[in-house]
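Next come the chains, spelled out residue by residue.
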Amino acid sequence: MMTNILVTASALSDHDLLARLELLAGKEREASVELVAHLAALDSRPSLFAAQGFSSLFSYCTQALRLSEDAACNRIEAARVCRRFPLVLELLASGSLTLTSVRLLAKHLTVENHQSVLAKASDRSRREIEVLIAELAPRPDVPSTVRKLPCPTATPLLSAGPGPAMISVPSAETTAIAPSLPPLPATPRPIVQALAPERYRVQFTIGQETHEKLRQLQALLRREITDGDPGVLFDRALTVLLEKVEKTKLGAAAKPRPNRPIRPGTDNEVRKPGPGSRHIPREVQRAVWKRDDGQCAFVSTTGRRCTERTFLEYHHIQAYALQGPATVKNISLRCWRHNQYEAELTFARRRGQKLPVSPKVIGTT
């Protein structure tokens, strides 16, 4: 029976598929809000689920309603917040807040601040919500730690050797350090977590060679960084690496040099890429990156701009294969997916294939 739904969905046109997805997402939000409201009512009547043989609302959700443990926790927390602040239901219904956002904000909401906090939290990502919480309840910095992790024992075929070290350091703009923690597995999940306004806890695992480099750098810089704080070293290392990467990837320079003339002293013409060259001059790269603000510049027909800031490429608006020049006007940032998408549009047109409506592009005419 359910396989028929997949067949039906696969048979929809592009337009109908997107429209159907938006409709279903709206219905799912409505159903979630209605479920949360009913859980709020049930939470106020504990004898009701107790009479059904459940010791808690959580047990009722996971066993009677067959929700996962995470889903039950999110919905129960949201239900209890909604009993205190009914405004949350409206924000959940509109999609301005998610159940996860409500759960994270729950213990920080008060009668005095809930309207302003919820307004700030609307349409924010989880990471932005965590930064907001750090402003509401800042946590103090904690001391730097560098300690050896236990060697893994589940892989006996590997040769025994020194285990990796776990280093907890601050981000490049802060000095918040991870606290002492109980023993962790050899490869814990990397953590970047807001502790207070402009203060972050950063935690990751390094290998033996990297640990030796850290110790050597601490020794060499002992006069400048007397306590050998890994956070300060981390900041310096990121600064140097960022300058190098920006110079390589973006053509960045503290003092960009003017283009050299073809014949020094006789004319002011500048060198241009030769015929068939894919080279994009560095001054063009710098100007395009600044204009597009380091973000994919694809804009859909509905006016939504892509938010991607990784895997960016310099895109020829008039395709390079169609003699598109490497100028600021003709070059724009695209993520990999949208660069490929626009290439497909361009060359499908040349083959006379039917296409969706062409997208708009910012920063161009």
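A brief structural summary. Everything quoted here is computed from the prediction, not taken from an experiment.

Quick notes on unusual backbone geometry
Item 1. Located in the positive-phi region is aspartate 123, a residue other than glycine, with phi close to 60 degrees.
Item 2. Within the secondary structure layout, aspartate 123 lies in the loop between α8 (114-121) and α9 (126-136).
Item 3. Of note, the phi angle at phenylalanine 311 is positive, near 55 degrees, even though the residue is not glycine.
Item 4. By secondary structure assignment, the location of phenylalanine 311 is in the loop between β5 (298-299) and β6 (312-316).
Item 5. The class of phenylalanine 311 is exposed, set by a relative accessible area of 70%.

Digging into a nonpolar patch on the surface
Item 1. A surface patch of nonpolar side chains, amounting to about 340 Å² of accessible area, comprises Leu12, Leu17, Leu18 and Leu21.
Item 2. Looking at the secondary structure, you find leucine 18 in helix α2 (residues 14-43).
Item 3. Leucine 18 sits in the exposed class, given a relative accessible area of 56%.

Some points on helix α10 (residues 208-220)
Item 1. With 13 residues, α10 should cover 18 Å at 1.5 Å per step; its first-to-last C-alpha distance of 18 Å lies within 8% of that length.
Item 2. The complete set of buried residues in α10 reads His211, Leu214 and Gln218. Along the axis of α10, the buried residues cluster in a sector spanning 55 degrees; they form a single face. In α10, the exposed positions that point more than 90 degrees away from the buried face belong to Glu209, Lys213, Gln216, Ala219 and Leu220.

Some thoughts on the packing of α8 against α9
Any two packed helices are characterised by how steeply their axes cross, that is the angle between the axes, and by the distance between the axes.
Item 1. It is the contact of α8 with α9, at a shortest axis distance of 10 Å, that shows an interaxial angle of 150 degrees. It follows that α8 is roughly antiparallel to α9 by the angle criterion. The handedness of the crossing between α8 and α9 comes out as right-handed. For the pair α8 and α9, contact is made by Val117, Lys120 and Ala121 and by Ile129, Leu132 and Leu136, respectively.
Item 2. For the contact of α8 with α9, the per-class residue count stands at five nonpolar, no polar and one charged.

Thoughts on the pattern of salt bridges
Item 1. Counted according to the given criterion, the structure contains seven salt bridges.
Item 2. One salt bridge in this structure joins arginine 236 and glutamate 224, with 3.2 Å as the shortest N-O distance. Of the two residues, arginine 236 sits in helix α11 (residues 230-250) while glutamate 224 sits in the loop between α10 and α11, which places them 12 residues apart along the sequence.
Item 3. Accessibility expressed as a relative area gives 37% for arginine 236, which makes it partly exposed.
Item 4. Assessed through its relative accessible area of 53%, glutamate 224 is described here as exposed.
Item 5. Its salt-bridge partner being aspartate 292, residue arginine 291 comes within 3.0 Å of it at the nearest N-O pair.
Item 6. Residue classification places arginine 291 among the partly exposed positions, given a relative accessible area of 28%.
Item 7. By sharing partners, the salt bridges in this structure join Asp43, Arg80 and Arg83 into a single network.

Description of the nonpolar core
Item 1. Val88, Leu92 and Leu105 are the most contacted members of the largest nonpolar core, which totals 32 residues.
Item 2. Where this core is concerned, the elements lending two or more residues are α2, α4 (57-64), α5 (69-84), α6 (87-94), α7 (99-105), α8 and α9.
Item 3. The element best represented in this core is α5, accounting for six residues.
Item 4. In this view, leucine 92 contacts Arg29, Val33, Cys82, Leu97, Thr98, Leu99 and Val102; residues no more than four positions away in its chain are not counted.

Focus on the packing of α4 against α5
Item 1. Interhelical geometry of α4 versus α5 gives an angle of 135 degrees and a closest axis separation of 9 Å. Relative to α5, the element α4 lies oblique. Seen from above, α4 lies across α5 with right-handed handedness. The segment α4 lies against α5, with Leu57, Phe58, Cys61 and Thr62 engaging Glu69, Ala72, Cys73, Ile76 and Arg80.
Item 2. Residues belonging to the contact of α4 with α5 are distributed by class as follows: six nonpolar, one polar and two charged.

Quick notes on the packing of aromatic side chains
Item 1. If you walk through the whole model with that rule in mind, you get two aromatic pairs.
Item 2. With 5.3 Å between their ring centres and 90 degrees between their planes, phenylalanine 54 and tyrosine 60 make a pair best called edge-to-face.
Item 3. Looking at phenylalanine 54, the relative accessible area reads 15%, which means it is buried.

Examining the environment of arginine 286
Item 1. Relative to the assigned elements, arginine 286 resides in helix α12 (residues 282-292).
Item 2. Between the C-alpha atom of arginine 286 and that of lysine 249, which follows or precedes it by 37 residues, the distance is 9.6 Å.

Quick notes on the rules
Residues numbered from 1 in each chain as written. Predicted model: local features only at pLDDT ≥ 70, side-chain atom pairs only at ≥ 80, totals over all residues. Heavy atoms only, no water. Helix = DSSP H or I, 4+ residues; strand = E, 2+ residues; numbered from the N terminus. Buried < 20%, exposed > 50% of the residue type's maximum accessible area, 1.4 Å probe, protein only. Patch = residues over 30% accessible without salt bridge, like charges linked within 9 Å, V, L, I, M, F, W, Y side chains within 5 Å. Areas by Shrake-Rupley, 256 points an atom, 1.4 Å probe, with all protein chains shown as cover. Salt bridge = Lys/Arg side-chain N within 4 Å of Asp/Glu carboxyl O. Expected span 1.5 Å × (residues − 1). Arc of directions from axis to C-beta. Axes fitted to C-alpha atoms, helices over the stretch in contact; angles between N-to-C directions. Parallel < 35°, antiparallel > 145°, perpendicular 65-115°, else oblique. Left-handed = near helix turned anticlockwise from the far one by under 90°. Contact = heavy atoms within 4.5 Å. Nonpolar A, V, L, I, M, F, W, Y, C, P; charged D, E, K, R; others polar. Core = buried A, V, L, I, M, F, W, Y, C linked by side-chain atoms within 4.5 Å. Phe/Tyr/Trp six-rings, centres within 6.5 Å; stacked < 30°, edge-to-face > 60°.

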